[in-house]
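Structural characterization, general
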Amino acid sequence: MQEMDPNDWQRHTIYRRYTRTSRQMLWFWQFMKEIDNEKRMRLLQFVTGTCGLPVGGFADLMGSNGPQKFCVEKVGKENWFPRSHSCFSRLHLPP
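Every value quoted in this text rests on a predicted model; they were computed, and no experiment measured them.

With that settled, the discussion passes to the sheet that holds strand S1 (residues 13–16). Pairing within the open sheet is mixed, and its 4 strands lie in the order S1-S4-S6-S5. Both outer strands of the open sheet, S1 and strand S5 (83–85), are each paired with one neighbouring strand and no more. Along the sheet, successive strands turn relative to each other by an average axial angle of 20 degrees, direction set aside. Of the pairings in the sheet, the one linking S5 to strand S6 (residues 90–93) comprises 3 bridges and is antiparallel in character.

Encoded structure:
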């Protein structure tokens, strides 16, 4: 299993209806840095549909239409579960 760098992941993430300094995103990245590599890989697979990274890391992540950065978007209500759109490398997180 390839080793994943959560700092690289964070640097190459875009946000919709969140910002990189939103409280939820600070919690999200703290959590990502605390969990083990296997759990990070599972989350990557949930969001992107792939269990590995390109050689260039998150900067070279691909979607169904070519290069596609990992995206976290605020969607739904507080009691909703996270969802993903693997074609777009997008994670929908509730507020």
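So, on to the pattern of salt bridges. Going through the model one piece at a time under the given rule, you end up with 4 salt bridges. Across the pair Asp 8 and Arg 11 runs a salt bridge, and its minimum N-O distance is 3.7 Å. Residue Asp 8 and its partner Arg 11 are both found in helix H1 (residues 6–11); the two are separated by 3 residues, about one turn of the helix. Arg 90 is paired through a salt bridge with Glu 73; the nearest N and O atoms lie 3.7 Å apart. Remark: Glu 73 occurs in strand S4 (residues 70–74) and Arg 90 occurs in strand S6; sequence separation between them is 17 residues. A single burial state applies to Arg 90 and to Glu 73, both of which are buried.

Before going further, it helps to examine the layout of surface pockets. Vacant regions in the atomic arrangement are exposed by a probe of water-molecule size rolled over the atoms. In this structure, the largest pocket occupies an estimated 160 Å³ of space. Along the walls of the largest pocket sit Trp 27, Phe 28, Phe 31, Ile 35, Lys 39, Leu 43, Pro 82, Leu 91 and Leu 93, which together make up its complete lining. When residues of the lining of the largest pocket are traced back to their parent elements, those giving at least two are helix H2 (23–34), helix H3 (37–48) and S6. The dominant element in the lining of the largest pocket, judged by the number of residues it contributes, is H2, at 3 residues. Here the lining of the largest pocket is composed, by residue class, of 8 nonpolar, no polar and 1 charged.

Calculation rules
Residues numbered from 1 in each chain as written. Predicted model: local features only at pLDDT ≥ 70, side-chain atom pairs only at ≥ 80, totals over all residues. Heavy atoms only, no water. Pairing = 2+ DSSP bridges. Helix = DSSP H or I, 4+ residues; strand = E, 2+ residues; numbered from the N terminus. Axes fitted to C-alpha atoms, helices over the stretch in contact; angles between N-to-C directions. Salt bridge = Lys/Arg side-chain N within 4 Å of Asp/Glu carboxyl O. Buried < 20%, exposed > 50% of the residue type's maximum accessible area, 1.4 Å probe, protein only. 1 Å grid on protein atoms, 1.4 Å probe; cavity = no way out; pocket = protein on both sides within 12 Å on 5 of 7 lines; lining within 4 Å. Points joined across faces, edges and corners; volume = space filled by probe spheres on them. Nonpolar A, V, L, I, M, F, W, Y, C, P; charged D, E, K, R; others polar.

These values are about where atoms sit, not about what they do.
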